[in-house]
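Each chain, letter by letter, is given below.
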Amino acid sequence: MKKQFFNVPDSSGHFGQYGGRFVPETLMPALIELEEAYLNLKKDKTFLRKLKELQKDFIGRATPLYFAENLTQKIGGAKIYLKREDLCHTGAHKINNALAQALLAKKMGKTRVIAETGAGQHGVATATGAALAGLECDVYMGAEDVRRQSLNVFRMKLLGAKVIEVTLGSKTLKDAINEALRDWTTNVRNTHYVMGTAFGPHPYPMMVRNFQSVIGQEARRQILQKEKRLPDCLIACVGGGSNSIGLFHPFLKDNIKMIGVEAGGLGVKSGKHAARFAGGSLGVFQGCKSYLLQDDDGNVLGTHSVSAGLDYASVGPEHAYLRDMHKVEYTSVKDNEALKAFELLSRTEGIIPALESSHAIAQGIKTAKKLGNKSIIIINLSGRGDKDVQEVAKIKGISL
């Protein structure tokens, strides 16, 4: 049973029944080229050495595993540790993947990268990696997310990227991905698409997972050093699912409870949410097969979340697989719960979390109360909340 968690995806990119490649024929050569380049670079010692150096000196790894003593005392119950991905350069875990893909694109001889972004963190990270690698960069972003994340839009422009506002559909992440895929189809010769999450056609779910697994690898070493044992529970928010799979994957062989937290929005019954496992069904979307919010005719439903990064209609295929295998439990947290956690962590620990990460904090609070004080929880604090301060102020009716 344990080994099968590490034997996915198969050679065709499937995690059980999930994953695969569902793309136009024009994109198949680009995906095959990408897979071959990635598999070769995985064994390239010079490339791996360069990436490790940049992880240390540019990104700022290893990020700390911080004991949130004040929060633990306030909540009661389990000891709460935070994996501080908010301290990465650019403010979130996204740089782990974006920088690695920018280096990969350079090795492949590409001169341009494109990306999609919701909360803006992946766009900033891709623009950063492109600047470092000397690549042209265009970022697609839904108009609603441009409004919510104006600070990150300006950061991308400062880094030399062109931000292309998408005014189609719901004007959020799924629409940005659609436009980025169209661009890539047209410009595959000189362009690499830096997919920001563990989703899309093979090899992206596998590749992004592996680039993000540095989170869990570090957390595993750090908790053994601090507590001389492994944690009882791991918790992370799940949009597409890269920060969560990055934390979970190095622990899959262990008997540890893992909880992925989706965006409950205004509640699953309201229809205004992004809880794919609670309200979705199996479908094909943007290159792969996974759980998807869709109607009976297969039309993609609108989503809602206070956090732009979780406001997405589908979820990474490996998460669907791990849920089927009963290895990871998936739940959801509502907007109001995430906002309370956003303020609570800020006031108790002096750490302002991203609204995405606030969903994980909210679930961590619930879980800590249920577990005894001899238990240990690690929550992935996937990003910092600077980008969300204006939006939270607006929600609270405070003018800045």
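Residues numbered from 1 in each chain as written. Predicted model: local features only at pLDDT ≥ 70, side-chain atom pairs only at ≥ 80, totals over all residues. Heavy atoms only, no water.

Undergrad: Please give an account of the overall build of the protein that cites residues and values.
TA: A tally of helices and strands in the protein yields 16 helices and 14 strands. Based on the C-alpha atoms only, the size of the protein along its principal axes is roughly 55 × 45 × 45 Å. Within the span of the protein, comprising 400 residues, buried residues form 61% of the whole. For the protein, contacts bridging at least 24 residues in sequence account for 74% of all contacts bridging at least 6. Summed over all atoms, the accessible surface of the protein reaches about 15,800 Å², with 51% contributed by carbon and sulfur. Of the side chains in the protein, 54 bear a positive and 40 a negative charge, and the two mean positions are spaced by 6 Å. (Helix = DSSP H or I, 4+ residues; strand = E, 2+ residues; numbered from the N terminus. Buried < 20%, exposed > 50% of the residue type's maximum accessible area, 1.4 Å probe, protein only. Contact = heavy atoms within 4.5 Å. Areas by Shrake-Rupley, 256 points an atom, 1.4 Å probe, with all protein chains shown as cover. Lys, Arg positive; Asp, Glu negative; His and termini not counted. Charge placed at Lys NZ, Arg CZ, Asp CG, Glu CD.)

Undergrad: Go over the environment of Ile 215, please, and point to the residues and values.
TA: Following the sequence through the fold, Ile 215 ends up in helix H10 (residues 214-227). Along the sequence, Ile 215 and His 249 sit 34 residues apart, while their C-alpha atoms lie 9.3 Å from each other. Not counting residues within four places of it along the chain, the set of residues in contact with Ile 215 comprises Arg 61, Lys 83, Glu 85, His 93, Asn 96, Asn 243, Gly 246, Leu 247 and Asn 380.

Undergrad: Tell me about empty space enclosed by the protein, and please be specific about residues and values.
TA: Overall, the coordinates contain two cavities of 30 Å³ or more when judged by the stated rule. Roughly 320 Å³ of volume is contained in the largest cavity. Along the walls of the largest cavity sit 28 residues, with His 93, Lys 94, Ala 119, Gly 309 and Glu 356 positioned nearest its centre. Elements represented by at least two residues in the lining of the largest cavity include exactly strand S5 (112-117), helix H5 (121-133), helix H8 (173-186), helix H11 (242-248) and helix H15 (355-370). The residue inventory of the lining of the largest cavity, partitioned by class, reads seven nonpolar, 17 polar and four charged. For the second largest cavity, the calculated volume is near 30 Å³. In terms of lining residues, the second largest cavity is bounded by Ala 30, Glu 33, Leu 34, Met 108, Lys 110, Trp 184, Val 188, Thr 191 and His 192. Elements supplying a minimum of two residues to the lining of the second largest cavity: helix H1 (28-41) and strand S8 (191-193). Ranked by residues supplied to the lining of the second largest cavity, first place goes to H1 with three residues. (1 Å grid on protein atoms, 1.4 Å probe; cavity = no way out; pocket = protein on both sides within 12 Å on 5 of 7 lines; lining within 4 Å. Points joined across faces, edges and corners; volume = space filled by probe spheres on them. Nonpolar A, V, L, I, M, F, W, Y, C, P; charged D, E, K, R; others polar.)

Undergrad: Give me the lowdown on the nonpolar core, citing residues and values where you can.
TA: Counting residues in hydrophobic clusters, the biggest one holds 60 residues, and the most contacted among them are Leu 104, Trp 184, Tyr 193 and Tyr 204. Among the elements that line this core, the one with the most residues is helix H4 (residues 94-107), at eight residues. Of all hydrophobic cores here, the second largest spans 31 residues; its members include Ala 198, Ile 215, Ala 236 and Tyr 291. (Core = buried A, V, L, I, M, F, W, Y, C linked by side-chain atoms within 4.5 Å.)

Undergrad: Help me get a handle on H1, residues and values and all.
TA: An ideal rise of 1.5 Å per residue puts 20 Å on 14 residues; H1 measures up with 20 Å between its terminal C-alpha atoms. Looking only at H1, the buried set comprises Ala 30, Leu 31, Leu 34, Glu 35, Ala 37, Tyr 38 and Leu 41. The secondary structure elements touched by the buried residues of H1 are helix H2 (45-59), H4, H8, S8 and helix H9 (204-212). (Expected span 1.5 Å × (residues − 1).)

Undergrad: Please set out the environment of Leu 224 residue by residue, giving values where relevant.
TA: Position of Leu 224 relative to the elements: it lies in helix H10. Overall, Leu 224 belongs to the partly exposed group, its relative accessible area being 35%. Spatially, the C-alpha atoms of Leu 224 and Glu 53 are 24 Å apart, while their sequence positions differ by 171 residues. Filtering out sequence-adjacent residues up to four positions away, Leu 224 remains in contact with Arg 229 and Leu 230.

Undergrad: Break down the layout of surface pockets for me, citing the residues and quoting the values.
TA: Space inside the largest pocket adds up to approximately 550 Å³. Taken together, 20 residues make up the lining of the largest pocket; nearest its centre are Leu 48, Leu 51, Gln 55, Val 214 and Gln 217. Sorting the residues of the lining of the largest pocket by element identifies H1, H2, H4, H9 and H10 as the ones contributing at least two each. Here the lining of the largest pocket gets seven residues from one element, more than from any other, and that element is H2. The class makeup of the residues in the lining of the largest pocket is nine nonpolar, four polar and seven charged.

Undergrad: Run through the packing of helix H14 (residues 335-349) against H15, naming residues and quoting values.
TA: For the pair H14 and H15, the least separation of the axes is 8 Å and the interaxial angle reads 90 degrees. Classified by the angle their axes make, H14 and H15 are roughly perpendicular. On H15, the residues touching Glu 337, Ala 338, Leu 339, Ala 341, Phe 342, Leu 344 and Leu 345 of H14 are Leu 355, Ser 358, His 359, Ile 361, Ala 362, Ile 365 and Lys 366. (Axes fitted to C-alpha atoms, helices over the stretch in contact; angles between N-to-C directions. Parallel < 35°, antiparallel > 145°, perpendicular 65-115°, else oblique.)

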